Amino acid sequence: MNIILLGYPGSGKGTLAKDLSKTLDMVHVSTGDILRDEMAKKTPLGTEATSYMAGGRLVPDRLVMDMLKARLGTESRGLLFDGFPRTVAQAEALDAWFASRGQEIDAVVFLNVAESVVMARLGSRRTCTGCGKIYNVVSNPPAKEGVCDVCGKPLATREDDKVEVITRRIQVYKDQTEPLLAYYRASANFLEADGGKTPDAVTRDVLGLLRVKP
Ligand code: AMP
């Protein structure tokens, strides 16, 4: 099974993807995480992506596609895309790539959340610097302030979760990613879930939509 998660930054795609990939034994493909990893390792791709990401803009389609093909070319498990595709050009490139591999997209899950909610969530999001677990200082804080419950490493605010960048990311979503809803909505495998619920409830709802027993 191959699944795409769609939704605003802060709609809960990352948290849902972590749950679903465990339950369904799929590969969690977060292009944001891969790009941050490339940046941390200071690879040529990471270096090229840095200024786009820091400013809340999208990394060019060509770089993203090359990176995915290099990472996933030999992967045979189901892919769970989180944060990809983000433009119609990426969606078309994904269709062509899957067609050449005899694969298809089995479900597109849109997490529907109001803009005001994602703005508030992004401002209070903290991410573990060790394992990447996502917290929210208001609605889902760690047991000990600033420290990950799972691995004990410090939590941090992502560079692009700073207030000035959040507004740009929301606008970029509206301009470049929202058109994907029309691209996918016409297909039978388009599913929509209320992303305003708690993470557990969202996972339950999505497994129900996918007709998988939790
Ligand atoms: P995310 O972790 O998904 O919120 O992504 C963080 C940042 O990485 C985005 O604001 C973009 O700069 C970049 N990025 C992640 N995925 C993509 C993508 N599919 N296409 C272009 N840029 C991306």
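The structure this text deals with has already been given above.
For clarity, every value in this text was computed on a predicted model and none was experimentally measured.

Cut-offs used in this document
- Residues numbered from 1 in each chain as written.
- Predicted model: local features only at pLDDT ≥ 70, side-chain atom pairs only at ≥ 80, totals over all residues.
- Heavy atoms only, no water.
- Core = buried A, V, L, I, M, F, W, Y, C linked by side-chain atoms within 4.5 Å.
- Buried < 20%, exposed > 50% of the residue type's maximum accessible area, 1.4 Å probe, protein only.
- Contact = heavy atoms within 4.5 Å.
- Helix = DSSP H or I, 4+ residues; strand = E, 2+ residues; numbered from the N terminus.
- Polar contact = N/O pair within 3.5 Å; in protein donor to acceptor, adjacent residues only side chain to side chain.
- Axes fitted to C-alpha atoms, helices over the stretch in contact; angles between N-to-C directions.
- Parallel < 35°, antiparallel > 145°, perpendicular 65-115°, else oblique.
- Left-handed = near helix turned anticlockwise from the far one by under 90°.
- Nonpolar A, V, L, I, M, F, W, Y, C, P; charged D, E, K, R; others polar.
- Pairing = 2+ DSSP bridges.
- Expected span 1.5 Å × (residues − 1).
- Arc of directions from axis to C-beta.
- Near = heavy atom within 4 Å.
- Areas by Shrake-Rupley, 256 points an atom, 1.4 Å probe, with all protein chains shown as cover.

Student: I keep staring at the nonpolar core and nothing clicks. Help me out?
Tutor: Side chains of nonpolar character tend, in soluble globular proteins, to be buried together. One finds I4, L6, V29, F81, L94 and Y184 to be the most contacted residues of the largest nonpolar core, which totals 37 residues. Each residue touching L94, except ones within four places of it in the same chain, is listed here: I4, M65, F81, F84, P85, I105 and Y184. Residues A107, V109, V206 and L210 belong to the second largest nonpolar core, which totals 17 residues.

Student: Teacher, can you tell me more about the environment of T23 here?
Tutor: Tracing the backbone through its elements, the reader meets T23 in helix α1 (residues 13-24). Take T23: its relative accessible area is 42%, and that puts it in the partly exposed class. For the pair T23 and L207, spaced 184 residues apart in sequence, the C-alpha to C-alpha distance is 9.3 Å. At a separation of 3.0 Å, a polar atom in the side chain of T23 contacts the main-chain carbonyl oxygen of D19.

Student: Would you mind showing me how to read the packing of α1 against helix α9 (residues 199-209) here?
Tutor: When two helices pack together, their arrangement is given by the angle between the helix axes and by the axis-to-axis distance. Put simply, α1 and α9 touch, their axes get as near as 10 Å, and they point 50° apart. Viewed along their axes, α1 and α9 adopt a mutual orientation that is oblique. Taken as a pair, α1 and α9 cross one another with a handedness that is right-handed. Here T15, L16, D19, L20, T23 and L24 of α1 come into contact with α9, specifically with P199, V202, T203, V206 and L207. By residue class, the composition of the contact of α1 with α9 is seven nonpolar, three polar and one charged.

Student: I keep staring at the sheet that holds strand β8 (residues 190-194) and nothing clicks. Help me out?
Tutor: Spatially, β2-β3-β1-β4-β8 is the arrangement adopted by the five strands of the open sheet, whose pairing is parallel. What marks the edges here is a single partner per strand, and that holds for β2 (27-30) and β8. Neighbouring strand axes in the sheet, compared pairwise and without regard to direction, differ in orientation by 20° on average. Looking at chain direction, strand β4 (residues 107-112) and β8 are connected through five bridges and run parallel. What sits directly across from V109, in β8, is L191.

Student: Honestly, helix α7 (residues 163-177) in this entry has me stumped. Any pointers?
Tutor: Think of an α-helix as turning once every 3.6 residues; residues three or four places apart then point the same way. The end-to-end C-alpha distance of α7, which contains 15 residues, comes to 20 Å, matching closely the 21 Å that a straight helix rising 1.5 Å per residue would cover. Residues of α7 that are buried: V165, I166, R169, I170, V172, Y173 and T177. Along α7, the residues classed as buried sweep out an arc of 160° about the axis, all on the same side.

Student: Before we go on, may I ask you to explain the side chain of T177 in this structure?
Tutor: Position of T177 among the secondary structure elements: in helix α7. Reaching out from T177, the side chain makes a polar contact with the backbone oxygen of R86 at a distance of 2.7 Å. Apart from the residues lying within four places of it in its own chain, the contact partners of T177 are P85, R86 and V172.

Student: Can you walk me through the site of the ligand in this structure?
Tutor: Near the ligand, the surroundings consist of 16 residues, among which T31, R36, R57, R86 and Q90 are the closest. Separating an oxygen atom of the ligand from a side-chain N or O atom of R158 is a distance of 3.1 Å. In isolation the ligand offers 480 Å² of accessible surface; the protein chains occlude 96% of this area. In terms of residues, the shell around the ligand owes the most to one element, helix α2 (residues 31-40), which gives four residues. Looking at the shell around the ligand residue by residue, the classes come out as six nonpolar, four polar and six charged.

Student: Explain the packing of helix α4 (residues 61-72) against helix α5 (residues 88-101) to me, please; I cannot follow it from the model alone.
Tutor: Relative orientation of the contacting elements α4 and α5 amounts to 30°, with a least axis distance of 10 Å. In terms of orientation, α4 and α5 fall into the roughly parallel class. Remark: the crossing between α4 and α5 carries right-handed chirality. Contact with α4, carried on its side by D61, V64, M65, L68, K69 and L72, involves A89, Q90, A93, L94, W97 and R101 of α5 and no other residues of that element. Each residue belonging to the contact of α4 with α5 can be placed in one class, and the counts come to eight nonpolar, one polar and three charged.

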